[in-house]
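Now for the letters of each chain:
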Amino acid sequence: MQIVPSPNVIGAKIQGVDLAQPLSDAQFQQVEAAFNKHAIICFPKQRLSEPQMISFARRFGDVEKIFLKHYAHPHYPEIMYVSNIKENGNDIGHADAGRVWHTDMSYTARPPRATMLYALEIPIDNGKVLGDTLFSSAADAHDALPFETQMRIANLRAIHQVAGRRARTGTGQQDQALRKEQPAVVHPVVRTHPHTGRKCLYVSKGECEGIEGMPKDEALALIDELADHIIDPRFHHTHRWQLHDLLMWDNCTVQHLASLDYQWPQHRRLMHRITVDGTVPV
Ligand SMILES: [Fe+2]
């Protein structure tokens, strides 16, 4: 097994491992240590059936049920389709997942430790791969804040709601239904990573609607300031997809954004997604 770190503050690739086979405990420890350290791991050239992907995910913790049930795999409810493919006029999966910077499901009480995406079809146009996924390190962003700011925000708690402020920009009835199903939750503005102990900023413009005990205007201004800081290019890592990449990222350490630069029906994109092991942020 070879762990190849990216030149960025986050990201690595692991070669020489076949995830279709069960990993030994020693191999898994190496993978998990690399995952905690680099926050985004790509395993290139994997050939994974659904049960094999689920088995690998289970090594990291409980595999979560899909919140957006209408996009769940018909035979494997642990797997969600992320896809722009339409069948009979309907999206088969979540077509515009990640159009704003976010961390997955921060609007739940126990947001997932990790998200995995497995690339089954990727859009290519004139030889150029489309649909990059951008990441930014919320841990390095926290470390780079002035000490006074770190002190000022250390004990604040932000209110997260599904579709959050986006819902007000007219994303429709589906978001309204989700908001009924999933009431707002409160999480620390600065999370302590459960495995590394690093401090990570944990706010996003999309989901965060306020800060406990702070006037709304002041809270939204602070959320925006911190959210803009998290996505400063010095903390970035871009993943350019290749067919059969298994990519996983740490939802405490990083935020991500999808490049929606491809279009149905010229381009087809299909990913299997699994989320693992939610913990209550502290
Ligand atoms: Fe996401």
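Residues numbered from 1 in each chain as written. Predicted model: local features only at pLDDT ≥ 70, side-chain atom pairs only at ≥ 80, totals over all residues. Heavy atoms only, no water.

J.: What am I meant to see in the coordination of the iron ion here?
T.: Reference values for coordination geometry: four tetrahedral donors around a metal ideally subtend 109.5 degrees, six octahedral donors ideally subtend 90 or 180 degrees. The coordination sphere of the iron ion contains the protein donors His-102 (NE2), Asp-104 (OD) and His-256 (NE2), at a distance range of 2.1 to 2.2 Å. Along the chain, the residues donating to the iron ion are arranged with the sequence spacing H-x1-D-x151-H. (Donors = N, O, S within 2.8 Å, 3.2 Å for Na, K, Ca; no water.)

J.: I'm lost on the sheet that holds strand S2 (residues 12-15) in this one. Help?
T.: Whenever strands of a sheet pair, they do so through backbone hydrogen bonds, lying parallel or antiparallel. Strands sit in the order S1-S2-S3-S17-S7-S19-S4 across an open sheet of 7 strands; the sheet is mixed. In this open sheet, the two edge strands, each paired with only one partner strand, are strand S1 (2-5) and strand S4 (80-83). Taken over all neighbouring pairs, the strand axes of this sheet differ in orientation by 25 degrees on average, direction set aside. Examined bridge by bridge, S2 and strand S3 (residues 40-43) share 2 bridges and lie parallel to one another. Paired with Ala-12 across the bridge in S3 is Ile-41. Strands in contact with helix H1 (residues 25-38) are S1, S2, S3, strand S7 (112-121) and strand S17 (246-250); relative to S3, the strand with the most contacts, it is inclined by about 135 degrees. Strand contacts of helix H2 (residues 50-58): S3, S7, S17 and strand S19 (270-278), with the helix running at about 30 degrees to S19, the strand carrying the most contacts. (Pairing = 2+ DSSP bridges. Helix = DSSP H or I, 4+ residues; strand = E, 2+ residues; numbered from the N terminus. Axes fitted to C-alpha atoms, helices over the stretch in contact; angles between N-to-C directions. Contact = heavy atoms within 4.5 Å.)

J.: Looking at this model, I keep getting lost on the sheet that holds strand S16 (residues 236-239). Mind explaining?
T.: Pairing within the open sheet is antiparallel, and its 3 strands lie in the order S16-S10-S18. Only two strands of the sheet have a single partner each, and these edge strands are S16 and strand S18 (254-258). Strand after strand, the sheet turns through a mean of 20 degrees between neighbouring axes, direction not considered. Across 4 bridges, strand S10 (residues 133-137) lies against S16 in antiparallel orientation. Bridge assignment links Phe-135 to a residue of S16, and that residue is His-237.

J.: Quick question: what am I supposed to make of the environment of His-102 here?
T.: With respect to the helices, strands and loops of the structure, His-102 is situated in the loop between strand S6 (90-91) and S7. In this structure His-102 comes out as buried when scored by relative accessible area, which is 10%. In this view, His-102 contacts Ser-204, Glu-207, Gln-255 and His-256; residues no more than four positions away in its chain are not counted. Engagement of the side chain of His-102 in a polar contact is seen with the backbone oxygen of Val-100, the distance being 2.8 Å. (Buried < 20%, exposed > 50% of the residue type's maximum accessible area, 1.4 Å probe, protein only. Polar contact = N/O pair within 3.5 Å; in protein donor to acceptor, adjacent residues only side chain to side chain.)

J.: Looking at this model, I keep getting lost on the pairing of S7. Mind explaining?
T.: The side chains of a regular strand alternate between both faces of the sheet. Judged by how many residues are buried, S7 sits mostly within the fold: 8 of 10 residues are covered. Sheet analysis places S7 next to S19, joined by 8 bridges and oriented antiparallel. Counterpart to Glu-121 in the pairing with S19 is Leu-270. Of the pairings in the sheet, the one linking S7 to S17 comprises 5 bridges and is antiparallel in character. Bridged to Thr-115 within S17 is Trp-249.

J.: Got a minute to help me understand the environment of Leu-23 in this structure?
T.: Tracing the backbone through its elements, the reader meets Leu-23 in the loop between S2 and H1. Leu-23 sits in the buried class, given a relative accessible area of 9%. Along the sequence, Leu-23 and Arg-59 sit 36 residues apart, while their C-alpha atoms lie 9.0 Å from each other. Ignoring any residue separated from it by four or fewer positions in sequence, one finds Leu-23 in contact with Val-17, Asp-18, Phe-28, Val-31, Phe-56 and Arg-59.

J.: I tried to follow the pairing of S10 on my own but got confused; where do I start?
T.: In terms of burial, S10 is largely enclosed, as 5 of its 5 residues are buried. Side chains Thr-133, Phe-135 and Ser-137 project from S10 onto one buried face, and the interleaved Leu-134 and Ser-136 project onto a second face that is buried too. Looking at chain direction, S10 and S18 are connected through 5 bridges and run antiparallel. Residue Ser-136 lies in a different strand from S18, and its bridge partner there is Gln-255.

J.: Where do I start with the state of the cysteines in this structure?
T.: One covalent bond between the sulfur atoms of two cysteine residues makes up a disulfide. If you walk through the whole model with that rule in mind, you get 0 disulfides. Cysteine Cys-200 remains unbridged, with the sulfur of Cys-252 as its closest cysteine sulfur at 3.8 Å. (Disulfide = S-S within 2.5 Å.)

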